Amino acid sequence: RSNYSQAEVIVEEFLEKGNKIHALNEKVNKLEIDILSLIPWVRYDLPMALTETRDCNIHKGVLPAECDTEALSKDLEQEFENVVMKTVHKTKEMQYVALMCTKDSEDSVMEFLREKGFAESVFKEVNEVPEEALKRMEKELADAHKGIDEIAGQIAKDANLKEKIQEYYDVIFLEAEKQKN
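Residues numbered from 1 in each chain as written. Predicted model: local features only at pLDDT ≥ 70, side-chain atom pairs only at ≥ 80, totals over all residues. Heavy atoms only, no water.

Visitor: Would you mind going over the sheet that holds strand β3 (residues 94-102) with me for this structure?
Guide: Paired through their backbone hydrogen bonds, the strands of a sheet run either parallel or antiparallel. Across the sheet, which stays open at both edges, the 4 strands sit in the order β2-β3-β1-β4 with antiparallel pairing between neighbours. Among the strands making up the open sheet, the edge pair consists of β2 (83-90) and β4 (119-120). Of the pairings in the sheet, the one linking strand β1 (residues 56-64) to β4 comprises 2 bridges and is antiparallel in character. Residue pairing across strands places Val62 opposite Ala119, the latter belonging to β4. Those strands touched by helix α2 (residues 69-79) are β1, β2 and β3, and its axis lies near 165° from that of β2. Each of β1, β2, β3 and β4 is contacted by helix α3 (residues 106-115), which is oriented at about 160° to β3, the strand it contacts most. (Pairing = 2+ DSSP bridges. Helix = DSSP H or I, 4+ residues; strand = E, 2+ residues; numbered from the N terminus. Contact = heavy atoms within 4.5 Å. Axes fitted to C-alpha atoms, helices over the stretch in contact; angles between N-to-C directions.)

Right, dumping it as structure tokens:
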């Protein structure tokens, strides 16, 4: 029975290591997505989670690449008072813009922008400016990869325990067969 107990502990340790690797892989996936979504904002110099001041609301989002943001910015300034829109980054597919408007004009401004194809981007978990956030995320990503490598190394080192695991499987299998009969 002692070999069975040893094998059971080994299997539980392997399962725990597998769960840790799974959790770290999920963290890696989330960080990679977060990094990709934040890269276009690297030149933005306000904390990403900042969405308002006492009198103004701040919106970050994207517009279609074909949108003339200079003309749109002029239209906004003519149509509404105290509205500022700046292009932060452009790609072939879209333009990343930041907008500041007074709270009392926000609904009208946002409706106006949505008609032009504006889609808001939300960064609730990013409290720092993008450049700092990217550095932090890249460090977290490296740490997660290191953790995965360390656990995988432990598992590889323990590969010689395969016989004990096989014994554990055999015991469980035989007990299950006995219960069937």
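Visitor: Would you explain the side chain of Thr102 in this entry?
Guide: Relative to the elements of secondary structure, Thr102 occurs in strand β3. Owing to a relative accessible area of 14%, Thr102 belongs among the buried residues under this scheme. Separated by 2.7 Å, the side chains of Thr102 and Asp104 make a polar contact. A distance of 2.8 Å separates a polar atom in the side chain of Thr102 from a polar atom in the side chain of Ser105. Not counting the four nearest positions on each side in its chain, Thr102 is found in contact with Asp55, Cys56, Glu81 and Asn82. (Buried < 20%, exposed > 50% of the residue type's maximum accessible area, 1.4 Å probe, protein only. Polar contact = N/O pair within 3.5 Å; in protein donor to acceptor, adjacent residues only side chain to side chain.)

Visitor: Sorry if this is basic, but what is going on with the packing of aromatic side chains here?
Guide: The geometry of an aromatic ring pair comes down to the distance between the two centres and the angle between the two planes. Taken as a whole and assessed by the stated rule, the structure comprises 4 aromatic pairs. When the centroid spacing of 5.7 Å and the interplanar angle of 80° are considered together, the rings of Phe80 and Phe112 count as edge-to-face. Note that Phe80 is positioned in the loop between α2 and β2 and Phe112 in helix α3, a separation of 32 residues in sequence. Residue classification places Phe112 among the buried residues on the basis of a relative accessible area of 16%. Ring-pair connections join several aromatic residues into one group, and the members of that group are Trp41, Tyr44, Tyr96 and Phe123. Taking the ring centre of Phe14 as reference, the NZ or CZ of Lys17 above it sits at 5.8 Å. Over the aromatic face of Phe112 sits the side chain of Lys116, whose NZ or CZ is 5.2 Å from the ring centroid. (Phe/Tyr/Trp six-rings, centres within 6.5 Å; stacked < 30°, edge-to-face > 60°. Lys NZ or Arg CZ within 6 Å of the ring centre and 35° of its normal.)

Visitor: Hey, could you run me through α2 in this one?
Guide: At 3.6 residues per turn, the α-helix brings residues three or four places apart onto the same side. The complete set of buried residues in α2 reads Thr69, Leu72, Ser73 and Leu76. The buried side chains of α2 occupy one side of the element, clustering within an arc of 100° when seen end-on. Those residues of α2 that are exposed and angled more than 90 degrees off the buried face are Glu70, Lys74 and Gln78. The elements touched by buried residues of α2 are β1, β2, β3 and α3. (Arc of directions from axis to C-beta.)

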